[in-house]
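# Close look at the chain arrangement
Here's the letter readout for the chains.
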Amino acid sequence: MSDKDEKAETPKKKGKIGKIAILAVGAVALIGGGVGAGLYASGSGLIGGHKAAAAAAGPHLVPKSEQKRPSKDGKGEGGHGGGEGEAKTEDHGMPTPPGEGGERYASNYYAMEKEFTANLQDSVHFLQIGIAVSTPYDDTVIQNLKTNDIAVRSAVLMTLGDTTEDQVFTSDGKQGLAKKLAASINKVLKEKEGFGGISNVYFTNFVVQ
């Protein structure tokens, strides 16, 4: 091969190598751009946004400053009264000055509509109770309770069925029963909704026969 042929072939090889290098750089740029776009979309909520929205829509603690309090005519905001089975918020009258005690968050109350009747364990007596619950969270917890009413009622009845006479005839026993009921209700809500939120159970009726 002559020197002229070698010189003519060399630019062609260089041109091919240059094209290959440009294609490789372009591919890397496309891959990098795709990764960057994915990270941006994920960070901005475009990818997995429904999960972020679901988390944001979960129960929120309600500060007392945002608490809905009943008006003088006994109706809450929007003119709705607090009938049986409706969520209610606690009103202690004058607000507690900062740093002088009191709970930080509002108490959202809900009285379950139907009473519960169950036989006591190893006893001829049976127990009939009405209960209400409280939560420092918004109405999401109350709505979860209503949605899973059947499962919650079943858990309450099972807890009552494990109750002995000693637990229903003393104040300490009743307080212990209230804590067990709160734990049972929260267990159901966690299984069904992924979140409990019930802080206390109160007796609106308590009869042993």
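One numbering rule holds for all chains: residues counted from 1, following each sequence as written. Residue-level local features of this predicted model are given only where pLDDT is at least 70; pairs of side-chain atoms are given and counted only at 80 or more, and the full residue set underlies all totals for whole chains, interfaces and linings. Processing note: side-chain calculations cover all non-hydrogen atoms of the structure and skip hydrogens and water entirely.

### Let's talk about the overall build of the chain
Helix and strand labels come from DSSP, where a helix needs a run of H or I of at least four residues and a strand needs a run of E of at least two; each type is numbered from the N terminus. Looking only at helices and strands, the chain features six helices and five strands. Along the chain, helices and strands appear, N-terminal first, in the series α-α-β-β-β-β-α-α-α-α-β. Taken across its 209 residues, the chain has 25% of its residues classed as buried. Long-range contacts, defined here as pairs at least 24 residues apart, represent 68% of the contacts in the chain between residues at least 6 apart. Per element, the accessible surface of the chain, about 13,900 Å² overall, is 57% carbon and sulfur. Note on classification: 1.4 Å probe, protein chains only; a residue is buried when its accessible area is under 20% of the maximum for its type, exposed when over 50%, partly exposed between these limits. Here, two residues are considered to be in contact whenever any of their heavy atoms come within 4.5 Å of each other. Areas reported here follow the Shrake-Rupley algorithm with a probe of radius 1.4 Å; residue values treat only the protein chains shown as occluding.

### Side note on helix α4 (residues 149–161)
Expected span, for any helix, means 1.5 Å times one less than how many residues it has. With 13 residues, α4 extends 18 Å between its outermost C-alpha atoms, agreeing within 8% with the 18 Å of an ideal straight helix rising 1.5 Å per residue. Residues of α4 that are buried include every one of V152, R153, A155, V156, T159 and L160, and no others. Looking straight down α4, one finds its buried side chains confined to an arc of 160°; they lie on one side. Counted as exposed and oriented over 90 degrees from the buried face of α4: I150 and M158. The inward-facing, buried residues of α4 abut β3 (116–119), β4 (126–135), α3 (139–147) and α6 (171–193). Think of the arc as the fan of directions from the helix axis to the C-beta atoms.

### Remarks on the packing of α3 against α6
Angles shown run from 0 to 180 degrees and are taken between the N-to-C directions of axes, each axis being a line fitted to C-alpha atoms and, for helices, limited to the stretch in contact. Packing of α3 against α6 brings their axes to within 10 Å, and their N-to-C directions diverge by 90°. Accordingly, the angle class assigned to the pair α3 and α6 is roughly perpendicular. Contact with α3, carried on its side by N144, L145 and T147, involves I185, L189 and E193 of α6 and no other residues of that element. By residue class, the composition of the contact of α3 with α6 is three nonpolar, two polar and one charged. For classification, angles of less than 35 degrees are called roughly parallel, those exceeding 145 degrees roughly antiparallel, those between 65 and 115 degrees roughly perpendicular, and all remaining angles oblique. Residues were grouped as follows: Ala, Val, Leu, Ile, Met, Phe, Trp, Tyr, Cys and Pro as nonpolar; Asp, Glu, Lys and Arg as charged; and all remaining residues, including Gly, as polar.

### Considerations on the nonpolar core
To qualify as a nonpolar core, a set must consist of buried Ala, Val, Leu, Ile, Met, Phe, Trp, Tyr and Cys residues joined through side-chain atoms within 4.5 Å. Ranked by size, the top nonpolar core spans 25 residues in total, and within it I131, V152, V156, L160, L181 and I185 carry the most contacts. Of all the elements, α6 adds the most residues to this core, at six residues. Setting aside residues no more than four positions away along its own chain, I131 makes contact with A111, M112, F116, V156, L181, I185, V201, Y202, F203 and T204.

### Things to note about α3
Inspection of α3 places V141, I142, N144 and L145 among the buried residues, and these make up the whole buried set. Axial view of α3: buried residues confined to an arc of 155°, hence all on one face.

### Remarks on unusual backbone geometry
Even without being glycine, D122 reaches a positive phi, approximately 50°. As for its position among the elements, D122 is in the loop between β3 and β4. Given the relative accessible area of 77%, D122 is considered exposed.

### Considering the side chain of N144
In this structure, N144 sits in helix α3. Apart from the residues lying within four places of it in its own chain, the contact partners of N144 are L189 and E193.

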